[in-house]
Every structure is written in structure tokens, then in C-alpha cells.
Amino acid sequence: MSVYIRLFWEFFKTGLFAIGGGMATLPFLQDIGISTGWYTYTDLMNMLAVSESTPGPIGINMATYVGFTVGGIPGAVISTLGEITPSIIVILIVAAMLKKFRDSKLVNSAFYGLRPASTGLIGAACVAVVLEVLTNISVHSPEGSLLNSFAIAGNAGLLRWPGLLLAVVLFIFTNYVKPVKKLHPIVFIAVSAVIGVAAGYFGIL
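Just so you know, these numbers come straight off a predicted model, no measurement behind them.

The rules behind each value
- Residues numbered from 1 in each chain as written.
- Predicted model: local features only at pLDDT ≥ 70, side-chain atom pairs only at ≥ 80, totals over all residues.
- Heavy atoms only, no water.
- Axes fitted to C-alpha atoms, helices over the stretch in contact; angles between N-to-C directions.
- Helix = DSSP H or I, 4+ residues; strand = E, 2+ residues; numbered from the N terminus.
- Parallel < 35°, antiparallel > 145°, perpendicular 65-115°, else oblique.
- Left-handed = near helix turned anticlockwise from the far one by under 90°.
- Contact = heavy atoms within 4.5 Å.
- Nonpolar A, V, L, I, M, F, W, Y, C, P; charged D, E, K, R; others polar.
- pLDDT = per-residue confidence, 0-100.
- Buried < 20%, exposed > 50% of the residue type's maximum accessible area, 1.4 Å probe, protein only.

A closer look at the packing of helix H1 (residues 3–17) against helix H2 (residues 26–36)
- At a minimum axis separation of 10 Å, H1 and H2 run at an interaxial angle of 155 degrees. Between H1 and H2, the angle is such that the two are roughly antiparallel. Considering the relative orientation of H1 and H2, their crossing is right-handed. From H1, Arg6, Glu10, Phe11, Thr14 and Phe17 reach across to H2, where they touch Phe28, Leu29, Ile32, Ser35 and Thr36.
- Within the contact of H1 with H2, the residues separate by chemical class into 5 nonpolar, 3 polar and 2 charged.

See below:
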């Protein structure tokens, strides 16, 4: 299968089933990385950081980023089209049938069931992000297994202290230091990026 067809198909499925906003795409992106080998967990975290730092919906940003990483500019365009196509189709269908199904108990019940499922998927993805960023625990998804396996990488210890310290400092500054917490979020993103570059350059992270 052509890499471009595969990109469109993978992100078409993501756009079709990732119900619950941009963060709901994370479990699907993890699965894409595992099944295709296009990127690792660490690559996915970097993509997430860049996507959160750039304008636009995070799901679209992630699709564009992955597509560009895998297939250059054509890959970015194709994966983005794959991501948005299901939404366009569904919106057109809903718009055509809105009056008929607006008060449908079956539709309301379906969305009632979808909300906790989306919450669980997002929660699982967030746990993987936290483990990857703040600890030295590596997450593996063995082929044919329903459960992930966890292991501490090397002899570095359980926690990644620099990352944990940065997260705590940012949490305090954004919530409890009045002159600072009024700043725009992009300021904290930019400062974090600079700290990350400096820490990586000096071998702290």
C-alpha cells in the first residue's frame, strides 16, 4: 500500500472515531505509531508539544505534523485531508437530519455512552504522556496482547527530576504567582521550549 494511501486511511479512521476533541486523537496516534513504526512514543510527545504550541485544533496539527514527518508536504496535505474528511461528511449528514434526530432518545443515549469511552481513552493516553515525560518508565504494547507492559529504562531511577521540577515550577507560577499567572499561555510555552533547548544542549535532560 502506498504510504500516502496509508496516511489518508489511518487519519480517516482517526477523524471518524476520535470523539471528544483533539486530545481524543492521542490513543489513535499511539496505535498508528505502533502499527506502522513511523514514530516512537518520544516522537509522539514532541509532536504533541509542537502541536499544542501552534495555532489551530490539536488533532489537525498532529495529522499535519505526522504526515509531513512521513511523507513531506504531500504527506502533510493528505493526512490532514484524511483527518477532516469524516467530520465534513458527518456534519453534512447531521445538518440534513438535525430536525429529525434532535430529540431522539437513541441519539442522546448513544452520546451518553460515548462520553465515558472518550474520557477513558484520553485518560489512558494522558497516563502514557506523563510516564514518558516525568518518569523513566517505558511503555510497550506487545503484539497480540491487550495489556501494555512497563519497564524502568536503564539505571536512571524512577523519576525524571528535571522534567518533574519544571512541571512543578510551571504549575506554581501559572496558578499561584499573581504577576506571572496573568501572562498569556504562549509565554509559558516559549519559556518551556527555551529551557528544553538549553537543558538538552547541556545534557541535563
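What follows picks up the thread again.
A word on the confidence of the model for the protein chain
- Scored by pLDDT, the protein chain comes out at a mean of 78, with 85% of its residues at no less than 70.
- Within the protein chain, the lowest mean pLDDT, 66, falls on strand E2 (residues 149–152), and the highest, 87, falls on H1.

Points about the environment of Ser35
- Within the secondary structure, Ser35 is located in helix H2.
- Residue classification places Ser35 among the partly exposed residues on the basis of a relative accessible area of 42%.

A closer look at the environment of Lys181
- Relative to the assigned elements, Lys181 resides in helix H7 (residues 178–181).
- Between the C-alpha atoms of Lys181 and Leu170, which are 11 residues apart in sequence, the distance is 9.6 Å.
- Residues within four places of Lys181 in sequence aside, it is in contact with Phe173, Thr174, Asn175, Tyr176 and Phe188.

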